[in-house]
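Listed below are the residues making up each chain.
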Amino acid sequence: VHRTTYDDPGRAGTDPFLPDQALPAEAAFAAYTSGSAWVNHRDDAGRVAPGAVADLVVLDRDPFTDPDGIGAARVRSTWIDGACVHEA
């Protein structure tokens, strides 16, 4: 996973910034989920498991099969405390 320009007509968002600092998709998602929960001392969050806080989003595609398409992914539903609060 790497950062790119957004709507830059010259490079059309395809040239990565600092490509040597790209992360595997698994590491990027862990940083935003279990890593954030750990930093905030939330042992009950950041993972999908029995007894864990059920706050999550469902995407319209698998970001691990096409990491370059992560930016095009759309949220299909959002869940908070185990209840669906948004559905597209």
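This text follows the structure it describes.
Residues numbered from 1 in each chain as written. Predicted model: local features only at pLDDT ≥ 70, side-chain atom pairs only at ≥ 80, totals over all residues. Heavy atoms only, no water.

Asker: Would you explain the overall build of the protein chain in this entry?
Answerer: The secondary structure content of the protein chain amounts to two helices and five strands. Secondary structure elements of the protein chain, listed N to C terminal, follow the sequence β-β-α-α-β-β-β. Looking at the protein chain as a whole, 11% of its 88 residues qualify as buried. Within the protein chain, residue pairs in contact and separated by at least 24 positions form 24% of the contacts whose partners lie at least 6 positions apart. Of the roughly 6,700 Å² that the protein chain leaves accessible, carbon and sulfur atoms contribute 57%. (Helix = DSSP H or I, 4+ residues; strand = E, 2+ residues; numbered from the N terminus. Buried < 20%, exposed > 50% of the residue type's maximum accessible area, 1.4 Å probe, protein only. Contact = heavy atoms within 4.5 Å. Areas by Shrake-Rupley, 256 points an atom, 1.4 Å probe, with all protein chains shown as cover.)

Asker: Quick question: what am I supposed to make of the sheet that holds strand 5 (residues 83-87) here?
Answerer: Paired through their backbone hydrogen bonds, the strands of a sheet run either parallel or antiparallel. Taken in spatial order, the three strands of this open sheet run 3-4-5, and their pairing is antiparallel. Pairing within the sheet leaves two strands with one partner each, and these edge strands are strand 3 (56-59) and strand 5. The mean angle between the axes of side-by-side strands here comes to 25 degrees, regardless of whether they run parallel or antiparallel. Pairing between strand 3 and strand 4 (residues 75-80): four bridges, direction antiparallel. For valine 57, the partnering residue across the bridge sits in strand 4 and is threonine 78. (Pairing = 2+ DSSP bridges. Axes fitted to C-alpha atoms, helices over the stretch in contact; angles between N-to-C directions.)

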